[in-house]
Amino acid sequence: MESTPNTTSTFGIELIRDYVLNDLLGNDYRQVIYWAGKRLARQFPVLSEDELAPFFQEAGWGSLSLIKKKGTTFSFVLLPPESTRTERPAGYFQLEAGFLAEQVAKLTGFVAEGYAELTKERVQITIQFDAKDPVNATT
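Described in the following lines is the structure provided in the data block. All residue numbers here refer to positions counted from 1 along the written sequence of the relevant chain. Predicted model: local features are reported for residues with pLDDT of at least 70 only, side-chain atom pairs are reported and counted for 80 or more only, and whole-chain, interface and lining totals are derived from all residues. Note: side-chain values were computed over all heavy atoms of the structure, leaving out hydrogens and water.

### Quick notes on the overall build of the protein chain
Part 1: Only DSSP runs of H or I with at least four residues qualify as helices, and only runs of E with at least two residues qualify as strands; both kinds are numbered from the N terminus onward. A count of helical and extended segments in the protein chain gives four helices and four strands.
Part 2: When the helices and strands of the protein chain are read in sequence order from the N terminus, they spell out α-α-α-β-β-α-β-β.
Part 3: Relative accessible area decides the class of each residue, using a 1.4 Å probe on protein chains only: under 20% of the type maximum gives buried, over 50% gives exposed, and in between gives partly exposed. Residues counted as buried form 35% of the 139 residues belonging to the protein chain.
Part 4: Sequence separation of at least 24 residues holds for 58% of the intrachain contacts in the protein chain that already meet a minimum separation of 6.
Part 5: For the protein chain, the accessible area works out to roughly 8,300 Å², and carbon and sulfur atoms hold 55% of it. Residue contacts follow a heavy-atom distance rule, with two residues in contact if any of their heavy atoms lie within 4.5 Å. To be clear on the numbers: accessible area is Shrake-Rupley with a 1.4 Å probe, and residue cover counts the displayed protein chains and nothing else.

### A short note on the pattern of salt bridges
Any two side chains of opposite charge can pair, given that their charged atoms come close.
Part 1: Every case where a carboxyl oxygen of Asp or Glu lies within 4 Å of a side-chain nitrogen of Lys or Arg is listed as a salt bridge. Applying the stated criterion across every chain, the model contains four salt bridges.
Part 2: Here Lys38 and Glu113 are joined by a salt bridge, their closest N and O atoms 3.6 Å apart. Of the two residues, Lys38 sits in helix H2 (residues 29-43) while Glu113 sits in strand S3 (residues 110-118), which places them 75 residues apart along the sequence.
Part 3: Residue classification places Glu113 among the partly exposed residues on the basis of a relative accessible area of 37%.
Part 4: The salt bridge involving Glu102 is made with Arg42; its shortest N-O contact spans 3.3 Å. With Glu102 in helix H4 (residues 94-108) and Arg42 in helix H2, the pair connects residues that are 60 residues apart, well separated along the chain.
Part 5: Connected through salt bridges with shared partners, the residues Lys38, Arg42, Glu102 and Glu113 form a single ionic network.

### Considerations on the packing of aromatic side chains
Part 1: Within 6.5 Å between ring centres, the rings of Phe, Tyr and Trp (the latter by its six-membered ring) count as paired, and their orientation is classed by plane angle as stacked under 30 degrees, edge-to-face over 60, tilted in between. For the coordinates displayed, the defined rule picks out eleven aromatic pairs.
Part 2: When the centroid spacing of 4.7 Å and the interplanar angle of 15° are considered together, the rings of Phe55 and Phe99 count as stacked. Note that Phe55 is positioned in helix H3 (residues 52-59) and Phe99 in helix H4, a separation of 44 residues in sequence.
Part 3: Here Phe55 falls in the partly exposed class, since its relative accessible area comes to 21%.

### Notes on H4
Part 1: The first and last C-alpha atoms of H4 sit 21 Å apart over 15 residues, in line with the 21 Å expected at 1.5 Å per residue.
Part 2: Within H4, the full set of buried residues consists of Gln94, Leu95, Glu96, Ala97, Gly98, Phe99, Leu100, Ala101, Glu102, Gln103, Val104 and Ala105.
Part 3: Immediately downstream of H4, the backbone of Gly109 shows phi near 85°, a positive value. Take the residue count of a helix, subtract one, and multiply by 1.5 Å to get its expected span.

### Some words on the packing of H2 against H4
Part 1: Packing of H2 against H4 leaves a shortest axis separation of 6 Å and a crossing angle of 40°. Our classification of the angle between H2 and H4 gives oblique. In this structure, the crossing between H2 and H4 has a hand that is right-handed. Counted together, Arg30, Ile33, Tyr34, Ala36, Gly37, Lys38, Leu40, Ala41 and Arg42 of H2 and Gln94, Leu95, Ala97, Gly98, Phe99, Ala101, Glu102, Gln103 and Lys106 of H4 form the full contact between these two elements.
Part 2: The nonpolar class holds Ala, Val, Leu, Ile, Met, Phe, Trp, Tyr, Cys and Pro. Asp, Glu, Lys and Arg form the charged class, and all remaining residues, Gly among them, are polar. Tallied by class, residues from the contact of H2 with H4 come to nine nonpolar, four polar and five charged. Fitted lines through C-alpha atoms serve as axes, helices being fitted only where they are in contact, and the angles separating the N-to-C directions of these axes extend from 0 to 180 degrees. Each angle is binned into one of four classes, with values under 35 degrees roughly parallel, values over 145 roughly antiparallel, values of 65 to 115 roughly perpendicular, and all other values oblique. What makes a crossing left-handed is the near helix being turned counterclockwise from the far one by less than a right angle; a clockwise turn instead makes it right-handed.

### Quick look at the side chain of Gln103
Part 1: Within the secondary structure layout, Gln103 lies in helix H4.
Part 2: By the criterion applied in these results, polar contacts are pairs of N or O atoms within 3.5 Å in which, for protein atoms, one can donate a hydrogen and the other can accept it, and in which residues neighboring in sequence qualify only through two side-chain atoms. Within the local environment of Gln103, its side chain forms a polar contact with the backbone oxygen of Phe44, the two atoms lying 2.9 Å apart.
Part 3: The residues touching Gln103, leaving out its near neighbours within four places in the chain, are Ala41, Phe44, Pro45, Val46 and Leu52.

### Quick look at a nonpolar patch on the surface
Part 1: Candidate patch residues must exceed 30% relative accessible area and have no salt bridge, after which like charges are joined if within 9 Å and Val, Leu, Ile, Met, Phe, Trp or Tyr side chains if within 5 Å. A cluster of nonpolar side chains, namely Phe11, Leu15, Ile16, Tyr19, Val20 and Leu24, defines an oily patch on the protein surface of about 640 Å² accessible area.
Part 2: Using a relative accessible area of 44% as the deciding quantity, one classes Val20 as partly exposed.

Below, the structure written as structure tokens:
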């Protein structure tokens, strides 16, 4: 019974992302959805890396794992909900990439940017922060 609410919720998200936002934003879809993710992160900040995966689960975005953290780069793998594992338009997971970029910026104290790459079953999200560009310097 628990899968029914999740499926319904995911379907609603897909309708908005795949049709409404894509139609409204056209060629600007990737950039706008990325910055929307950054804005969401400002409204829902996490206090530690450990809170990222539970947030993704709660938001219905899927299962998130930090697979590598080296130097100024964080590499995440996102296993999206089953229904979103089919072919998606370019930039579909930029909302999640923007969200993670802003969370990494808050956690490290440095400006961070990221991008998402889609494979058949998972999404690779890479976030890189600039250790020479403190967050406070740009605000």
